[in-house]
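What follows is the residue order along each chain.
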Amino acid sequence: MLWNVDLTLVDVAIVTRDAYAEAFRVVTGRPLVKLVPPLGRPDSEIVFETLAVNGVVAEDDHLPRFLSALATAFADRRGRLGEDGRMMPGAKAALKAVSRLDGVVQTVLTGTIRANAVHKLKAFGLDKHVDFELGGVWRGGLSQGDPCCRWRSRVPSSGSGRRSRPPTRS
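**Section: the overall build of the protein chain**
Here comes step 1: Scanning the protein chain from N- to C-terminus turns up seven helices and five strands.
Here comes step 2: When burial is assessed residue by residue, the protein chain has 43% of its 170 residues classed as buried.
Here comes step 3: Across the protein chain, the fraction of contacts at a sequence separation of at least 24, relative to all contacts at a separation of at least 6, is 68%.
Here comes step 4: For the protein chain, the computed accessible surface area is about 8,900 Å², with 54% contributed by carbon and sulfur atoms.

**Some thoughts on unusual backbone geometry**
Here comes step 1: For Leu-7, which is not glycine, the phi torsion reads 70° and is therefore positive.
Here comes step 2: Mapped onto the elements, Leu-7 comes out in the loop between β1 (2-3) and β2 (10-11).
Here comes step 3: The exposure class assigned to Leu-7 is exposed, which follows from its relative accessible area of 57%.
Here comes step 4: For Leu-39, which is not glycine, the phi dihedral falls at a positive 45°.
Here comes step 5: On the secondary structure map, Leu-39 appears in the loop between α1 (13-28) and α2 (43-53).
Here comes step 6: Residue classification places Leu-39 among the exposed residues on the basis of a relative accessible area of 71%.

**Quick look at the side chain of His-129**
Here comes step 1: Within the element layout of this structure, His-129 appears in the loop between α6 (114-122) and β5 (136-138).
Here comes step 2: Residue class for His-129 comes out buried when judged on its relative accessible area of 18%.

**Comments concerning the packing of aromatic side chains**
Here comes step 1: Overall, the coordinates contain one aromatic pair when judged by the stated rule.
Here comes step 2: Arranged with centres 5.9 Å apart and planes meeting at 45°, the rings of Tyr-20 and Phe-66 form a pair that is tilted. Of the two residues, Tyr-20 is situated in helix α1 and Phe-66 in helix α3 (residues 62-76); the sequence distance between them amounts to 46 residues.

The rules we used
Residues numbered from 1 in each chain as written. Predicted model: local features only at pLDDT ≥ 70, side-chain atom pairs only at ≥ 80, totals over all residues. Heavy atoms only, no water. Helix = DSSP H or I, 4+ residues; strand = E, 2+ residues; numbered from the N terminus. Buried < 20%, exposed > 50% of the residue type's maximum accessible area, 1.4 Å probe, protein only. Contact = heavy atoms within 4.5 Å. Areas by Shrake-Rupley, 256 points an atom, 1.4 Å probe, with all protein chains shown as cover. Phe/Tyr/Trp six-rings, centres within 6.5 Å; stacked < 30°, edge-to-face > 60°.

Pasting the structure below:
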C-alpha cells in the first residue's frame, strides 16, 4: 500500500517552509522572498523553481547543496512538527487498519527526501506502520515517477497480483 506523506498523512507546511527558508539562506546567502507552492512536486522541482523566482540562476552544485541544507534545517526543526503541524484526520486509524491486512506492506511514495519523510511520520508516531526501505521516497532523481518505478522493481510479487514483503534480511 502506497501512502503519500504530505496532506494525506500529515500537514507540516509551516515547518517545511521554515526549513526551506533556512536552506535557501545557507545556499545563496540571501533571505528567501518567495517559496513556490509544493503542489505534490518533488523537492528538486521546488528547489529549482524557488531559486528561479528568487532571481538565482541554478548551477550544478545548487541541488545537492540545497537538499543537504534542507535535511539539516528540517532535522533542526523536528521538535516543532508536533506543535506546528498536524496528523491528518483518520491517518493513524487507516495505517493501523491496513497493517492488520494479511500480505500488505505499507510504504510511502513521496517527492520529499527520505530523512524529512521519516521525521514527518515519526513526529506523529506513524512511522511504525511504514517500511521506508521499500518505499518511493525521493532519492535524487529529477522526477517523482522515478521512485515509483524503482519501488515496483524491488518488491517481489506474491503471485496474486499483490506485492508482498520481501524476506527479512539478517
